[in-house]
Each structure stands twice: as structure tokens, then as C-alpha cells.
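# Architecture and fold: a report
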Amino acid sequence: MNNRKVKVHQGGGVFEHTEWKNLRVGNIVKVEKDKFFPSDIVLLSSSYEDAVCYVETMNLDGETNLKLKQALEVTSSLNEDEGLKDFQAIIRCEDPNANLYSFVGSMELEEQQHSLSPQQLLLRDSKLRNTDYIYGVVIFTGHDTKVIQNSTDPPSKRSQIERKMDKIIYFLFGVLFVMAFVGSVYFGIVTKDDLEGGHKRWYLRPERADIFFDPDRAPIAAIYHFLTAMLLYSYLIPISLYVSIEIVKVLQSIFINQDIHMYHEETDKPAHARTSNLNEELGQVDTVLSDKTGTLTCNSMEFIKCSVAGIPYGHGFTEVEKAMAKRTGSPLLVNGEEYVEDPKDRNKKSSIKGFNFDDERIMNGNWVNQPHSNVIQKFFRLLAICHTVIPDVDEDTSKVFYEAESPDEAAFVIAAREVGFEFFKRTQTSVSVNELDPVSGKRVERTYKLLNVLEFNSTRKRMSVIVRDEDGKLLLLSKGADSVMFERLSNNGREYEVETREHIHEYADAGLRTLILAYRELSEEEYEVFNEKFSEAKNSVSADRDALIDEATEEVEKDLILLGATAVEDKLQQGVPECIDKLAQAGIKIWVLTGDQMETAINIGYACSLLRQGMKQIIINLEKPEITALEKTGEKDAIAKASKESVLQQITERKAEVSTESSEAFALIIDGKSLAYALEEDVKKLFLGLAIGCASVICCRSSPKQKALVTRLVKEGTQKTALAIGDGANDVGMLQEADIGIGISGVEGMQAVMSSDIAIAQFRFLERLLLVHGHWCYRRISSMICYFFYKNVTFGFTVFLYEAYASFSGQPAYNDWFLSLYNVFFTSLPVLAMGVFDQDVSARFCLKFPLLYQEGVQNVLFSWRRIIAWIINGLCSAIIIFFFCKRALNPQAFSKDGKIAEFQIFGATMYTCVVWVVNCQMALAISYFTLIQHIVIWGGIALWYLFLLAYGAMPPSISTTAYKVFVESLAPTPSFYIVTLFVVISTLIPYFVFNTIQMRFFPMYHGMIQWIRYEGRADDPEYCHMVRQRSIRPITVGFTARSLARTNPLNSSARTNPSNNRIPDHR
């Protein structure tokens, strides 16, 4: 990348190509269309007269919409190479930092200071679009650029199973050490006894032995034996397990990526597992923490209602309103008549994206006949002027398209256009609108001189512009949140305040996002004072620059006159209520963390069945009279102390209430101010205890940092797997803090996706990701690891038992190549096939019986009990194989010519039994056979015979003890086949009997579902309904639980007594 070239000014107006890596701060560069910026650059001018350029920042934040950048007016004339030959300026700016969206600096040109803002900053790795060229000055290079400053390593995440697997490895290493130590001590004692006891092991010739068997140096011999034993028994430790798991996880990730049921056709985006580390963790999620906007909702804003001059306009109904009407049983009214929804219109989309407004009083120019037409004119004119949207006129059709930084902005400008106020042109200093003149009834073009833009941020919660109209009037146009706008109204500007407040509450109840619109006229003197102070603040490069700007804006954004309020709808994504219902039935707790108002969040909760009628709502906020009284005094310490005490008291009282009412469903709703105190060190455990006892939790007005802190609290406080899902840059902290971060590739760009572990296109795909792929991956990885330990323990303990039988002499039971290839060829492929293809139940049954997911949450398939059981199974298999082979091959005639079974024959026979046993054990453990599994299981056994044949045919110097052992000793001897068959059957009988008894009389939940499928009752609705009742509990959310709560109590005997449907409770 750093070898790319860019044109650099060499002096005298001459530009030459230079590699990126040779750029220096202060270089003037010329970047051409569709090229990347080589460093962080301050824009000087462009090919456009007003020195604007269009930038694509997809590499930085994933957003595809173009950003408008504009140079300072004083440098805008430098639009040719020659014009730069005498250019000199001094730039002072902030130190290198990681903040992509802020920049503080100033340019000194001709002894005058000009402030620099993010509007003049072009970041490395963004691309120049729709602009022929730009000139700019390099300010940050290499590691100082903002994109490199942001390129920190993502947090390392490991699954619970992997961490537990490490502990098992340590345990087995301890067993290995003990085995080697005990054997070595025994070996040392016996070796010493060889001298004192008259050569008990005369065949070792101890009187002439080297150090390994020298009775005179028995302690040294024991130490050497310990080292030998550590190497010999090392096959007990499944080193290849880690490699096998990585291969399996990569293949599982490919299956997730290729799942057609998680492909979103509209956006052409499939699921994308960005890491394979956490596949099995998807099957163990206890709590889902979700963003609302863009995650549960579409983040595709539609202008649907407005309140102007205290009169509500717009006849449309939101999904939330329809859900509320259904919940309360009250009809929806339009012009006094009951509204009846046409089923054909249910999925019908508005013909104009971002606009779903319907009111004949406003549309088609009818607003001019309204009693407050002058207010309506100012209202929509404000929407057409107060924004940062970029217009793009199609030359062929003359239609205007808009590039907006947020869906809200686009919806406002589109609404203004549809009513008759079409914004069509923007320059550095002006905004042009084609609007309807109410006097003449004709459309006229009006240009407003743009003097200042007071930008929106999360602290200000408002945006304003100062413009001069064609009559010379100075106007401040402002829009913002009700929490900051009402307090800035003048006494004579509150004429419609009461009605507007009522309408805002109604809109919030309907799940709509609202903004207040207001304006004021400025005098020339007032503007001059403000502009001087504002310019001085913008030119400041000190740390308190933002504070100085806020102070300047505070003085002008006051005494406003209220015009009205907008209401835009962010619709629920398709399938969200159904997905939440399934996750709730699976026993997964769902928390919603949103920046929206409490009323909006509550009503969205009802619409998506996160809340239901009859649920007791626990609302924790600071809207108390005593807190309000203190806030008027402005004493921050007293306010903080009283607020914390209030939150603590509310949490304590509510926690006691939840504890006593165990059968009732509670919903916890807390606002951002209260949450700040609830997350303090001495309160957060109480808060978590209250939240865990509730069926659903909604945190309103949450900041990005609070989202991350709540996620950390849930993850560390519950010690269970927490999954976070979001779609915006404000969700990145939450995604990185969670055990699993799911990014939704939505309207807000790709920052959440780039910080996530797995990316999906829609929230509804979370259902299949967890209940199907999560369950399968958890089961496959758990079974695979248990089986891996089983086969290694079986093999390793036959080596140990042979060692013990051979007086711990260090003689291996098997040929060296037999030892080396056991985990590589003869037993490796079946376990890989199990990890990739095995299914206990099909995807359809995973979704039909969501409680199956609890096997992963409770970790029943990888509990210590199950792991130890598999290890004991391996130990028993090793004992049966060794002693049956030893007894069957006891020194006696092995073949018809009278040869006895020597140690190489004994080792090959025992190895054959081990290969058969572990592969047949795999066949018994698998629930879902495919052709691949048949090939690898029986192929592994066949491969052993082929290897034995080929290896034994090699010269004795290579094949050593395996030389023709199969052809001359094993193959012609019937007892070899009889012993193999007898040993394999005897070894597998205990597992088969145990599995049969458990499956028939004590089935786990997946076993019960397998019985349903086997007995052909999968399509019996009554029987399946009875089985599913185990997943519905008093504290469950979702429309299924809501329906049952309405028809009959949730704590009936059919649901609380597991014996009714023979499903054991593993909780």
C-alpha cells in the first residue's frame, strides 16, 4: 500500500509522482478522482468552483453514502497547479488521535487566522468520488493518521469449552505425571531387588546391565525410566485435538456462511462468521443484549406525522399503534371513523422512500388554506434548510436525490420536498429551495445565504443554522430533542407548547421518534457579537475548544419561537416478534439497550412482544419532586447524592418485591440517568440481582459507554455467556465487551460489523444462528472433545497396562510407527466428520422445540460428570482390551505350526482391537449418519489393515517388529479374528447397555425429541404442544407466553411437573 504513488508539489507549481511512504508533513498533494487519500490531508481546493469534494469513507466506517467536504473560502481559488507556486500558510492543529469525527485546528494565511474543522479534513484510506481532483496539505502521516490510530487489535475471545478443555489437558497431564512417577518408583525398587533377590529378572542380565537396568544405580535408572515413561505415555494427551478443533470450526463457519436461510436477498448479504473461535459458544447464550434502532427496527425512517401550530397532521398508523389497539381492545380512529386494515396493504411499502405521510389538509398545496398557513410554511421551510444533506440532481430526469448522514435527515428533506419545499442546491455559502409561494400560487426559487452551521452532537441534542433570506432578515432555524428545546423557548414563543407536548407524548406512545422545530429572528448587532465569539471559539486549538463553542451557541440558541414537532417511524424488522418469542421459549433472557425515550422503548417492547399485558412494570427513574427541586438549585453534589440514594432505594424495594412474587412476570425499565448510578461499584450487584429476576429489561437513554458497562456487568455478574447485537458505531463497545458480538449490516454503516464476531443482515436470523447452528456446533464440539479424550485414554492406558505387565521395563506395546500414526490416520477422520456433520435432531426440530437449546446453556453435554464418564469409559475399554487379549494370547500355540504369540503379535492384535473399538464406539455415538461418516469410520479400519500389510512388506530395517507380522502371523490364524471380534463386542457392550437404558427410561431432551421422530408423532399437534410446555414459564416473554397468560395460568401442573411429559429438568 505504501508503494502507491501520488502527485506531490515540488515547487514552482510542478507536481511529480511520489510514493506514499515518502510523504512528509507539510507536503502539498494533488489527489485525482477515484484515488485513495495517502495520508490525513487538509483540503485546500477542488475542481469545483466552491471548493467542495465528495468522499467515500467505506474503508473507515463502512458507510457507502458520500460525505461532502469543503475547503476554506480563502483557499478555494487555488484550483490550478500554477496557483500553488507561491502559496504559504501555517497550520496549527491538535496532536494525532483516534477520533475520526473531530478535528481542531487553524490556518494562518496572510496574517489572518481561519478555523479548521472536520469539514476540511480528508482521512487516509477514504476515496475521492465525483470530483476530478483536489489539492491538500499533509498534516498526519503513517502511524499518526487517524485510521492507523484506530487500528487496535480486537479483544481476544475464547469459548468456555476451550477454557474447560485446557483444564482437562492439565488434569490428564497430572495423571500422566502420576503414572510415570509411580511406574518409575516401582521400577527403581524392582531393579534394586534384582541384585538383592537373586536376579528375579534374570533375562535382563543385571550383572552386566547398562545404566537403565543397573541394580547398583537403581535411583538413576528410575529417573531415566521416568523420562522414558513421560514420552511413552504422552499419547494420553491429545495434542492433535487443538488442530482438529480448528479444522472443524473453520468448516462449521463455512456452513454458517453458506446457510441460505440466513441470506437476505434484498441487500444481497449472507451471514458471515468473522471468527471461528466462538462457534460452540453460540449454543450456550444465556442473555441477549440488543440495540433497538436498526437492530429490532429497520433504521429506515419514514416521515409519518407532524404537529404544526398545535394541530396534528397525518392519518397513518404505526405497527406499535396497531399492537396497542389490539392490546387494549380500543379501535383506531381516522376522522372519527374506525380504521380497518386491508390485508393487501399490510406489507405494502410507500412509493416514496422515507415518506409515508397522508393528510389531504397538507398535501397538494392545500396547506395554504389552513388557518396557520404561515406557520406551516416556516415549518417545512425549516426542514428544507436546516440540515447537512447533499443534493444530487439526475441530469436525465431532473429528479433530486439526497445523500444524508442519517436516515432521519433524509426523511425530513424528502417530506419538505413532497409538501412543496424542494431543496435542490447547496454551495459553501448558500442553500437553494424551490418552494410554493402562497400568494401567487406558483413555485419560486429562493436562495438563503448560509452563514453558520451549529452542528448536532449527542451533548447538544440539537442542530441549528443561521441564514439570511432574500429580504435580508437574519434567521436562526433550530431542531432538536424536546428535552433541550422547550427550555429554550421565549415567553411569547410558547403559544402551542401545551398542545405540542401532548402530541409528542402521543407520538412517543406510538413508537415514533420526535424532534421539536423552532426559530427566531436575529438583529445585526446580536449576530455580529455571536459570530465574533463563535469564530474565535472555532479558531481556538485549546483543549476547551468544544466548551467555548457550546458557550457561544448557548447565547444565540435561546428565545426561540415554537413551530411544531416532527414524528418519524422506524419500523420493526420483519420477523422480530417471532424471533424474540422463539428465543424466549429457548430460555434466553433478552435485554434492550436503547438511546430512545422511555415511552418509545416501552411501546416498541409491546410491539415485539418483549412486554405483555399483565406484566408488572418496574420503572426506575429520577423524576421525583425532591430531585426536580434540587436540580433547580444547581448544586451538583447534592443532586448526585440525592439521585444515587433514590436509585438505591428504588432498586432495593423492587428487588424485595420481585423476590416475594416468584410466579409473577416483571419488566424492568430504567432510564439513562438512573442507570449511571445503578452501574456504580456499590450498587451494580443489587441492580443485577433485580434485573435477573425480571422477564425482560429495557435500558432507555443509554449512552454507548453505558451499553458496554451493562454488557460487562451481565457477563461478569452471571458468569454465563452474554451475546450483544447491534448495527451502529455506538454499539461497538457493547459488541467487543460481550462474549459474542453480532453485527447487523444495516443503514448505519459497517462499523458494528467490522467489530463483531459474526455478521448477519437481519435480527430474525439470530433465531436460526443460535437455535440451529449454535446447538449443533455446541453438541458437535462437546461430543468431539469427549470422544477425543476417550480414544486417547483407551490407547494410552493399553500402553500403560502393557508397561505394568512388563515390569515397567520401558518396552512399548506397539511398533513406533503404530504409536505415531494412531491419531493421524486411523482415528482422526471419524472425529472430524462428527464435528462437522453430526446432528442429534434436524433444523426443523431445533426450531420446533426451542427448549432443546437449554442443553447448551446448562452445559449438560460438556459437564465434568460427562467428561469423567467418557474418561472412565476409555479406561474400562483399555482394561477389557488388554486383559482379554493377554488372556486369549497367553503363551500357547497361536498358529497351527505351534508358534506362540510373541510381543509383536500381541501388540499388533491389541492395536487392531483398539482401532476397531474406538471406530465402532464412534459409530454408536453418532446420531446422524452420512456417506462421509461411513467412509471415514470403516475406511479408517480398512486403512489400518492396508498399512499393516504395506509396512510389514518393507525390509526389517524399516518395519522392525512389524515385518510380515500380518501376512505370516495374523492373517492365517483364525484365533486372531476370533479374539478381535470377541474383544470388540465385549468392550462396546457396557456403553451400549448404558446408552439404551438412558435413552429408554431417562432420556435427555434431545433424546425425547428423537423418540417423537421415531414414533412418528412429530406432526401430532397436541403431543408436540405438551412437550413444548416445558419451555413456557411465568417469567417467559414472547407472544406465545402472552397468549397462554391470557387463556390460562402459566404455572399449571402440566408445565411445572416434568413427569407429565417425561422430560427431566436439567436446570
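Residues numbered from 1 in each chain as written. Predicted model: local features only at pLDDT ≥ 70, side-chain atom pairs only at ≥ 80, totals over all residues. Heavy atoms only, no water.

### With respect to the overall build of the protein chain
Condition: Helix numbers and strand numbers start at the N terminus; a helix is a DSSP run of H or I with at least 4 residues, a strand a run of E with at least 2. Throughout, exposure labels follow a simple rule: accessible area from a 1.4 Å probe, protein chains only, divided by the maximum for the residue type, with under 20% read as buried, over 50% as exposed, and the rest as partly exposed. With residues, only the protein chains shown are counted as cover, and all accessible areas are computed by Shrake-Rupley using a 1.4 Å probe.
If you tally the helices and strands in the protein chain, you get 36 helices and 34 strands. Buried positions account for 54% of the 1067 residues belonging to the protein chain. Carbon and sulfur atoms form 54% of the exposed surface of the protein chain, whose accessible area is close to 47500 Å².

### Here's the deal with the pairing of strand β25 (residues 474-480)
Just so we agree on the cut-off: For two strands to pair, DSSP has to find at least two bridges joining them.
With seven of its seven residues buried, β25 lies for the most part within the structure. As paired elements, strand β24 (residues 462-468) and β25 share seven bridges and run antiparallel to each other. The residue bridging V467 from the neighbouring strand is L475, located in β25. Linking β24 to β25, which pair antiparallel, is a turn of five residues; within it G472 sits at a positive phi near 90°. Alignment of β25 against strand β26 (residues 512-522), held across seven bridges, turns out to be antiparallel.

### Some words on unusual backbone geometry
For D268, which is not glycine, the phi dihedral falls at a positive 55°. Among the structural elements, D268 can be located in the loop between α5 (240-257) and β13 (272-273). In this structure D268 comes out as exposed when scored by relative accessible area, which is 52%. With a phi angle near 50°, F808 is a residue other than glycine that sits in the positive phi range. Its place among the elements puts F808 in the loop between α22 (765-805) and α23 (816-826). Judged by its relative accessible area of 7%, F808 is buried.

### Examining the environment of T191
Looking at the element boundaries, T191 is found in helix α3 (residues 160-196). Residues T191 and R217, 26 residues apart in the sequence, show an inter-C-alpha distance of 8.8 Å.

### Description of the packing of aromatic side chains
As a reminder, the rule being used: Only centres within 6.5 Å qualify two rings of Phe, Tyr or Trp (six-membered ring in Trp) as a pair; their planes then separate them into stacked at under 30 degrees, edge-to-face at over 60, and tilted for everything else. Only lysine NZ and arginine CZ atoms are considered, and such an atom sits over a ring when it is within 6 Å of the ring centre and within 35 degrees of the ring normal.
Going through the model one piece at a time under the given rule, you end up with 47 aromatic pairs. Judged by centre distance (5.6 Å) and plane angle (55°), the rings of F826 and F947 are tilted. Of the two residues, F826 is situated in helix α23 and F947 in helix α29 (residues 931-952); the sequence distance between them amounts to 121 residues. Grouping residues by exposure puts F826 and F947 together as buried. Residues F947 and Y951 carry aromatic rings whose centres are separated by 5.2 Å and whose planes lie at 10° to one another, so their mutual orientation is stacked. Taken as a pair, F947 and Y951 lie in helix α29 at a separation of four residues, close to a single helical turn. Neither F947 nor Y951 differs from the other in exposure class; each is buried. Ring pairing ties together the aromatic residues Y235, F795, Y814, F818, Y822, F826, Y911, W944, F947 and Y951, which thus form one cluster. Here the guanidinium or amino end of K30 rests over the ring plane of Y133, the centre of that ring lying 4.8 Å away. The side chain of R844 reaches across the aromatic face of F845, ending 4.7 Å from its centre.

### Some words on the pairing of strand β14 (residues 285-290)
Counted residue by residue, β14 has six buried out of six residues, so it is predominantly covered. Direction of pairing for β14 relative to strand β32 (residues 721-726): parallel, over a ladder of five bridges. For T287, the partnering residue across the bridge sits in β32 and is A722. In the sheet, β14 pairs with strand β28 (residues 589-593) via four bridges, with the strands oriented parallel. By the bridge assignment for β28, V288 is matched with I590.

### Thoughts on the environment of L851
With respect to the secondary-structure elements, L851 resides in the loop between α25 (843-848) and α26 (854-857). Residues L851 and G587, 264 residues apart in the sequence, show an inter-C-alpha distance of 6.7 Å.

### Brief notes about the UniProt feature "active site" (unreviewed entry) in the protein chain
To keep it simple, the criterion reads: UniProt positions are given in the numbering used here, feature names are shortened, and annotations may be inferred rather than shown by experiment. We call two residues contacting when some pair of their heavy atoms lies within 4.5 Å. Nitrogen and oxygen atoms within 3.5 Å of one another constitute a polar contact, given that in protein one can donate a hydrogen and the other can accept it, and given that sequence-neighbouring residues count only through two side-chain atoms.
Mapped onto this numbering, the UniProt entry gives "active site" (unreviewed entry) at D291. Within the secondary structure, D291 sits in the loop between β14 and β15 (302-308). Judged by its relative accessible area of 3%, D291 falls in the buried class. Sequence-distant contacts of D291, that is, excluding residues within four places in its chain, are made with L296, L593, K707, I725, G726, D727, D731 and M734. Within the structure, the side chain of D291 is placed 3.1 Å from the side chain of K707, a separation counted as a polar contact.

### Some remarks on the side chain of T987
Relative to the helices and strands, T987 is located in helix α32 (residues 974-1001). Given the relative accessible area of 3%, T987 is considered buried. The contact partners of T987, leaving out residues within four places of it in the chain, are S877, I880, I881 and V917.

### Observations regarding the packing of α5 against α22
Short version of the rule: Axes here refer to lines fitted to C-alpha atoms; in helices the fit is confined to the stretch in contact. Angles between the N-to-C directions go from 0 to 180 degrees. Roughly parallel here means an angle under 35 degrees, roughly antiparallel means over 145, roughly perpendicular means 65 to 115, and every remaining angle is called oblique. The sense of a crossing depends on the near helix, which, turned anticlockwise from the far helix by less than a right angle, makes the crossing left-handed and, turned clockwise, makes it right-handed. The classification used treats Ala, Val, Leu, Ile, Met, Phe, Trp, Tyr, Cys and Pro as nonpolar, Asp, Glu, Lys and Arg as charged, and all other residues, Gly among them, as polar.
In contact at an axis separation of 11 Å, α5 and α22 are set at 160° when each is read in the N-to-C sense. Between α5 and α22, the interaxial angle falls into the category roughly antiparallel. In the crossing of α5 with α22, the sense of the turn from one axis to the other is right-handed. Mapping the contact onto sequence places S240, L241, S244, I245, V248, K249, Q252, F255 and I256 in α5 and L769, H773, C777, R780, I781, M784, I785, F788 and F789 in α22. Across the contact of α5 with α22, the residue classes tally to 12 nonpolar, four polar and two charged.

### Some points on helix α8 (residues 407-419)
In plain terms, the rule: Under the convention used throughout, the expected extent of a helix is 1.5 Å for every residue step, that is, one less than its residue count.
The end-to-end C-alpha separation of α8 is 18 Å, in line with the 18 Å expected for 13 residues at 1.5 Å each. Extensive coverage of α8 is indicated by the burial of 11 of its 13 residues. G420 lies just past α8 and shows a positive phi near 130°.

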